[in-house]
Amino acid sequence: MNEPIKEFTSSIPFWQPRVIPLELEQASDEQLDAMKVTVSNTKIGEYTLVLALDPETLQQRTPLFNGIMYGRGGLSRAETELGAVAASVVNRCIYCAAVHANRYSQLTKDESVMDSIFTDGEDADLDERQKALLGFATKLSKCPSEATRSDVERLVDNGLSMGEILDLVLSASLFGWANRLMHVLGDPLHQD
Amino acid sequence: MDIFETIVAKASGISADSPLAGALSLRSDILHLTENSHEASLRPNHPGGLSHAERAGLACRIAKRNNEETLARHYESLFSVGSHALADTDFEGGHDTRIKAILRHTDLVTLNPKDVKAEDVSALKSAGLNDADIVRLSELIAFIAYQIRVVTGLRLMAQVA
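Along every chain, residues carry numbers that run from 1 in the direction the sequence is written. In the order they appear in the text, chains get letters beginning with A and ligands get numbers beginning with 1. Under the rules for a predicted model, residues below a pLDDT of 70 receive no local features and side-chain atom pairs below 80 are neither given nor counted, while totals for whole chains, interfaces and linings still include all residues.

An account of the overall build of chain B is requested, with residue identities and associated values reported.
Across its full length, chain B holds nine helices and zero strands. Strands here are runs of E lasting at least two residues and helices are runs of H or I lasting at least four, both read from the DSSP assignment and numbered beginning at the N terminus. For chain B, the sequential pattern of α-helices and β-strands runs α-α-α-α-α-α-α-α-α. Compactness check: chain B gives a C-alpha radius of gyration of 16 Å against a globular reference of 15 Å for 161 residues, within 12% of the reference. The principal-axis extent of the C-alpha atoms belonging to chain B is close to 50 × 30 × 30 Å. Radius of gyration here uses only the C-alpha atoms, and the compact-globule reference equals 2.2 Å multiplied by the residue count raised to the power 0.38.

Describe the overall build of chain A, with residues and values.
Across its full length, chain A carries nine helices and two strands. For chain A, whose C-alpha radius of gyration is 17 Å, the value lies close to the compact-globule estimate of 16 Å for 192 residues. A principal-axis box enclosing the C-alpha atoms of chain A has dimensions of 55 × 40 × 35 Å. Buried means a residue has 20 or more other C-beta atoms within 10 Å of its own C-beta, exposed means 12 or fewer, and partly exposed covers the counts in between; C-beta atoms are placed from the backbone. A burial count over chain A gives 48% of its 192 residues as buried. Here, residue contact means that the backbone-derived C-beta atoms of the two residues sit within 7 Å. Of the contacts formed within chain A by residues at least 6 apart in sequence, a portion of 71% connects residues at least 24 apart.

Explain the environment of R73 of chain B to me, and be specific about the residues and the numbers.
As for its placement among the helices and strands, R73 of chain B is situated in helix α5 (residues 69-76). Each C-alpha atom of the pair R73 of chain B and A11 of chain B lies 9.7 Å from the other, and the pair is 62 residues apart in sequence.

Run through the nonpolar core, naming residues and quoting values.
Among soluble globular proteins, nonpolar side chains are generally buried collectively. By convention in this section, buried Ala, Val, Leu, Ile, Met, Phe, Trp, Tyr and Cys residues joined through C-beta atoms within 7 Å make up a nonpolar core. Among the nonpolar cores identified, the biggest contains 107 residues, and V85 of chain A together with A59 of chain B are the most heavily contacted of them. Of the residues forming this core, the biggest block, 17 residues, is contributed by helix α9 (residues 131-160) of chain B. Ignoring anything within four residues of it in the chain, the contact list for V85 of chain A reads A97, H100, A101, Y104, M114 and I117 of chain A.

Pulling in residues and values, what's your account of the interface of chain B and chain A?
By a frequent convention, interface size equals the accessible area lost on bringing the separate parts together. Counting residues at the interface gives 48 residues for chain B, matched by 46 residues for chain A. Every element with two or more residues in the side of chain B that touches chain A is listed here: α3 (28-42), α7 (97-111), α8 (118-126) and α9 of chain B. Ranked by residues supplied to the side of chain B that touches chain A, first place goes to α9 of chain B with 21 residues. Residue polarity follows a fixed list, in which Ala, Val, Leu, Ile, Met, Phe, Trp, Tyr, Cys and Pro are nonpolar, Asp, Glu, Lys and Arg are charged, and the others, Gly among them, are polar. Looking at side-chain class alone, the side of chain B that touches chain A contains 27 nonpolar, 13 polar and eight charged residues.

Before we move on, can you summarise unusual backbone geometry with the specific residues and values?
With an omega of -5°, the peptide bond running from C143 of chain A to P144 of chain A counts as cis. Within the secondary structure layout, P144 of chain A lies in the loop between α7 (128-141) and α8 (149-157). Residue K109 of chain A is not a glycine yet carries a positive backbone phi of 55°. Among the secondary structure elements, K109 of chain A is positioned in the loop between α5 (94-108) and α6 (112-120). Notably, N67 of chain B is not glycine yet its phi reads approximately 55°, a positive angle.

Could you give an account of α7 of chain A, naming the residues involved and the relevant values?
Between the first and last residue of a helix there are one fewer steps than residues, each counted as 1.5 Å, and that sum is the expected span. For α7 of chain A, built from 14 residues, the straight-helix expectation of 20 Å at 1.5 Å per residue is met to within 8% by its first-to-last C-alpha distance of 20 Å. Those residues of α7 of chain A that are buried are in contact with α4 (77-90), α6, α8 and α9 (162-185) of chain A together with α9 of chain B.

An account of α9 of chain A is requested, with residue identities and associated values reported.
In this model α9 of chain A runs 34 Å from its N-terminal to its C-terminal C-alpha over 24 residues, within 8% of the 34 Å that 1.5 Å per residue would give. Of all 24 residues that make up α9 of chain A, 23 are buried, and the element is covered over most of its length.

How would you summarise the packing of helix α1 (residues 29-36) of chain A against helix α3 (residues 55-70) of chain A if you had to cite specific residues and measurements?
Residue and element names in this part refer to chain A. Only the stretch in contact is used when fitting a helix axis, every axis being a line fitted to C-alpha atoms; angles between N-to-C directions are given from 0 to 180 degrees. The interhelical angle for the contact between α1 and α3, taken along N-to-C directions, is 20°, at an axis separation of 8 Å. By the criterion of interaxial angle, the relationship of α1 to α3 is roughly parallel. In this structure, the crossing between α1 and α3 has a hand that is left-handed. From α1, E30, Q31, D33 and A34 reach across to α3, where they touch P55, L58 and Q59. For the contact of α1 with α3, a count of residues per class yields three nonpolar, two polar and two charged. Roughly parallel means an angle under 35 degrees; roughly antiparallel means over 145; roughly perpendicular covers 65 to 115; every other angle is labelled oblique. Handedness of a crossing is defined here by the sense of rotation of the near helix relative to the far one, left-handed for an anticlockwise turn of less than a right angle and right-handed for a clockwise turn.

Structure representation (structure tokens):
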């Protein structure tokens, strides 16, 4: 039997929804419109079909997600992914953590950072800038937030501009949102 | 819409003459989409089985769970009949099975998302929520978690900028 994955992994799991996804043939015009923002029309994933049950939020969320993760300028792509992973570790979203750890490792061509975060969490053996990014994003992801002014000062001390810090806030916050969908509405399973 | 009139900018106290105005302006698209998401989560055209009044009450409850008083007051400004009880963090739903399940789930996903299991989603179904309403509730809880963190982060940045 395929049990849900409980431990962090860099292998991207299969996501099995806990609710019944929309059937594409039954989609309303509003639902079709909300879904096509993300996907080429060839294949729509289960996750999108689940979120399409509430098309009004999906319609806004997709461009918002893409804007934060792939917007021009500001924080580097890899460091934006680090914010996403920090939140996903706090919220223990195995699926999001795997996807975004993978992107980070591909962008930096270095798997050791994510291996260390998956093993040691906040205490991972990283360089000072990485520690400052991970520390702030981790604390902001708690409920209530544990982030303080000194965590922001530490980012500044490590060379981050206010624009870059804003992008880190957005990426960690976005995964406070994404994790609460992905981890709540489905189970991560091993790919067969 | 002026980005400094968005809920996020106002709640974090950032105005056009703030040192963070420039950084915020570079992400004006994100601020607009955040505002649109707020409308889609709190005041959707098709609320389904989760009324506007319930959404405002739950949003306020979530803000209180995060000790976020400014946003709690903002969500209170959206209250209508039925919101108040849901925003009371001492209220667990009384004898109303549906409300009880919604409040339990809202608190769990807000405070301890890592502990959510398949049974927690089944419990919503048992209490009468259909799949679309479960997604609507999830989007609301998740969006508020995001909006609160953006405001918290901006406020800390403003102390340093």
